[in-house]
Amino acid sequence: MSDIIDSAVTALNGKISGDFDGTAKFQIEGEGAIMIDSDGARAADDDADVTLSADAETFQAILEGDLDPTAAFMSGKLSVDGDMGMAMKLGSILA
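A quick note: this is a predicted structure, and the numbers were derived from the prediction, not measured.

Draft legend 1. Layout of the sheet that holds strand β4 (residues 50-54). Judged by pairing direction, the sheet is mixed, and its five strands sit side by side in the order β3-β2-β1-β4-β5 without closing on themselves. The strands lining the two open edges of the sheet, one partner per strand, are β3 (40-43) and β5 (79-82). Across this sheet, the average inter-strand angle for adjacent strands is 20°, counted without regard to direction. Bridge count for strand β1 (residues 24-28) against β4 is five bridges, and the pairing is parallel. What sits directly across from Ile28, in β4, is Ala54.

Here you go:
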């Protein structure tokens, strides 16, 4: 597991308060995947309701609050596959 995944899991667990009622996966190009569910975030590559894919730089900018998830999606830096409603809910948690 990469340092990027480790630090992202820690950051996500600080943002998610446990009231996320679904499953989401962040696929970070060249690094791995992070699963988010009602238990929080963890490094894993399981099936999810929605998968969000981005490069490490984009994902880091979203986590640090420098890039709005919706803006990343609209500009093509973030792709979404699956339940768009779940992606929007996750976006509001990260914003």
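Draft legend 2. Region of interest: the pattern of salt bridges. Per the counting criterion, the structure on display carries four salt bridges. For Lys89, the salt bridge identified is with Asp21, shortest N-O distance 2.4 Å. One end of the pair, Lys89, is in helix α4 (residues 84-94); the other, Asp21, is in the loop between α1 (3-15) and β1, and 68 residues separate them in sequence. Given a relative accessible area of 57%, Asp21 falls into the exposed group. In this structure, Lys25 and Asp45 form a salt bridge, with 2.8 Å as the shortest nitrogen-oxygen distance. Taken as a pair, Lys25 in strand β1 and Asp45 in the loop between β3 and β4 lie far apart in primary sequence, 20 residues in all. On the basis of relative accessibility, which here comes to 11%, the residue Lys25 falls in the buried class. On the basis of relative accessible area, Asp45 is assigned to the exposed category, the value being 52%. Look at the salt bridges and you will find they share partners, linking Asp37, Arg42 and Asp46 into a network.

Draft legend 3. Local environment of the packing of α1 against helix α2 (residues 56-63). Contact geometry for α1 and α2: axes closest at 11 Å, N-to-C directions at 25°. Between α1 and α2, the interaxial angle falls into the category roughly parallel. Crossing handedness for the pair α1 and α2: left-handed. Mapping the contact onto sequence places Ile4, Ala8, Ala11, Leu12 and Lys15 in α1 and Ala56, Phe59 and Leu63 in α2.

Draft legend 4. Here's a closer look at α2. For α2, a buried count of six out of eight residues is recorded, marking the element as mostly surrounded by other parts of the structure. Restricting attention to buried positions, one finds in α2 the residues Ala56, Thr58, Phe59, Ala61, Ile62 and Leu63. Buried residues in α2 make contact with α1, β1, β2 (32-37), β4, α3 (69-74) and α4. Phi turns positive, to about 85°, at Gly65, one or two residues after α2.

What counts and how
The residue numbering used here restarts from 1 in each chain and proceeds along that chain's sequence as written. pLDDT decides what is reported in this predicted model: residues at 70 or higher carry local features, side-chain atom pairs at 80 or more are listed and counted, and totals for whole chains, interfaces and linings draw on all residues regardless. Values shown for side chains rest on all heavy atoms present in the structure; no hydrogens or waters enter the calculation. Note on pairing: DSSP must find at least two bridges between two strands before they are called paired. Numbered from the N terminus, helices here are DSSP runs of H or I no shorter than four residues, and strands are runs of E no shorter than two. Every axis corresponds to a line fitted to the C-alpha atoms, with the helix fit spanning only the stretch in contact, and the corresponding angles, defined between N-to-C directions, vary from 0 to 180 degrees. By definition here, a salt bridge exists when the distance from a side-chain nitrogen of Lys or Arg to a carboxyl oxygen of Asp or Glu is within 4 Å. Summary of the burial criterion: residues with accessible area below 20% of their type's maximum are buried, those above 50% are exposed, and those between are partly exposed, where the area comes from a 1.4 Å probe applied to protein chains only. For classification purposes, an angle smaller than 35 degrees is called roughly parallel, one larger than 145 roughly antiparallel, one from 65 to 115 roughly perpendicular, and anything else oblique. A crossing counts as left-handed when the near helix is turned anticlockwise from the far one by less than a right angle, and as right-handed when that turn is clockwise. Should any heavy atoms of two residues lie within 4.5 Å, those residues are counted as being in contact.

Limitation: the analysis is restricted to geometry and does not speak to function.
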